[in-house]
Amino acid sequence: MSDDRHRERQQRLKEKVDARIEEAQDERGIILVLTGNGKGKTTAAFGTATRAVGHGKKVGVIQFIKGDWPNGERNLLEPHGVEFQVMATGFTWNTQDKAGDTAACMKVWQHAKRMMADEHLDLVVLDELTYMVAYDYLPLEEVLTALRNRPHQQTVIITGRGCHREILDMADTVSELRPVKHAFDAGVKAQIGIDY
């Protein structure tokens, strides 16, 4: 391809991108869902949280399901003013206690509702929320109401597999991570600082 043809093609592309940027003038927080069976949903959410903190934004994190094992993201972000509320029961297949897990979920959900009502928080991460809805630990309508009523500028990131259709419909951006290959399937042990 000649330099002239390349330049012409890139110019047409630039004009299309510039037109889309010009059209996107709505300034508000969004709902971002990171779902699918692939690895990296929580990692992507924390990448965005780190970016937000780096720009002086206020961030709050709710972690459903997670246990009390070491958390590198928390170690990094909490000293920078990020509030963490963690369900801390561990994986539901380990606890096998629906009543206890539901109570723990509802307790941390109160913090999630407080954060989503806080106009000073620019970003709220609801890590693994999808499971709480899927397992009926958390009423879907309560989640939808809290998302609808959050401050106008607040962004919420929801992670987890099998996100409920109504949450997907409400979301502004949905990314689905799909597994291609995973080291764990080859017998490689999860590593601190890499996998958690």
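To keep things clear, this report deals only with the structure shown in the data block. Being a predicted model, the structure only gives us computed values, none of them experimental. (Residues numbered from 1 in each chain as written. Predicted model: local features only at pLDDT ≥ 70, side-chain atom pairs only at ≥ 80, totals over all residues. Heavy atoms only, no water.)

Turning our attention to the overall build of the protein chain. Scanning the protein chain from N- to C-terminus turns up 8 helices and 6 strands. The N-to-C order of helical and strand elements in the protein chain reads α-β-α-β-α-β-α-α-β-α-α-β-α-β. Based on the C-alpha atoms only, the size of the protein chain along its principal axes is roughly 65 × 45 × 35 Å. With 196 residues in all, the protein chain has 36% of them scored as buried. Of the contacts formed within the protein chain by residues at least 6 apart in sequence, a portion of 74% connects residues at least 24 apart. A total accessible area of about 12,100 Å² is found for the protein chain, and carbon and sulfur atoms account for 50% of it. (Helix = DSSP H or I, 4+ residues; strand = E, 2+ residues; numbered from the N terminus. Buried < 20%, exposed > 50% of the residue type's maximum accessible area, 1.4 Å probe, protein only. Contact = heavy atoms within 4.5 Å. Areas by Shrake-Rupley, 256 points an atom, 1.4 Å probe, with all protein chains shown as cover.)

With that settled, the discussion passes to the layout of surface pockets. In this structure, the second largest pocket encloses a volume near 240 Å³. Looking at the second largest pocket, the residues that line it are T48, R51, A52, H55, K57, D122, L123, Q153 and T155. It is helix α2 (residues 41–54) that provides the largest number of residues to the lining of the second largest pocket, a total of 3 residues. Counted by class, the lining of the second largest pocket contains 2 nonpolar, 4 polar and 3 charged residues. (1 Å grid on protein atoms, 1.4 Å probe; cavity = no way out; pocket = protein on both sides within 12 Å on 5 of 7 lines; lining within 4 Å. Points joined across faces, edges and corners; volume = space filled by probe spheres on them. Nonpolar A, V, L, I, M, F, W, Y, C, P; charged D, E, K, R; others polar.)

Our next topic: the packing of aromatic side chains. Applying the stated criterion across every chain yields a total of 3 aromatic pairs. Note on F46 and F84: the rings are 5.9 Å apart at their centroids and 10° apart in plane angle, and the pair reads as stacked. Taken together, the residues span a long stretch of sequence, with F46 in helix α2 and F84 in strand β3 (residues 83–86) at a distance of 38 residues. Neither residue differs from the other here; F46 and F84 are each classed as buried. Ring centres of Y135 and Y137 lie 5.7 Å apart, and the angle between their planes is 65°; on these two criteria the pair is classed as edge-to-face. In this structure an aromatic cluster arises from ring pairing among Y131, Y135 and Y137. (Phe/Tyr/Trp six-rings, centres within 6.5 Å; stacked < 30°, edge-to-face > 60°.)

For helix α7 (residues 140–148), the set of buried residues is L140, V143, L144, A146 and L147. End-on view of α7: buried residues confined to an arc of 165°, all on one side of the axis. Its buried side turned inward, α7 meets β1 (31–35), α5 (98–116), α6 (129–134), β5 (155–159) and α8 (165–170). (Arc of directions from axis to C-beta.)

A full pass over the atoms with the stated rule returns 8 salt bridges. Across the pair R28 and D26 runs a salt bridge, and its minimum N-O distance is 3.0 Å. Judged by its relative accessible area of 39%, R28 falls in the partly exposed class. Among the salt bridges present, the one from R165 reaches D169, with a minimum N-O distance of 3.7 Å. Linking R165 with D169, this pair stays in helix α8, spanning 4 residues, or about one helical turn. As far as burial versus exposure is concerned, R165 and D169 are alike and both exposed. (Salt bridge = Lys/Arg side-chain N within 4 Å of Asp/Glu carboxyl O.)

Turning our attention to a nonpolar patch on the surface. The grouping of L13, V17 and I21 at the surface amounts to a nonpolar patch, some 260 Å² of accessible area in total. As for its placement among the helices and strands, I21 is situated in helix α1 (residues 3–23). Judged by relative accessible area, I21 falls into the exposed class, the value being 54%. (Patch = residues over 30% accessible without salt bridge, like charges linked within 9 Å, V, L, I, M, F, W, Y side chains within 5 Å.)

Keep in mind these values describe shape, not function.
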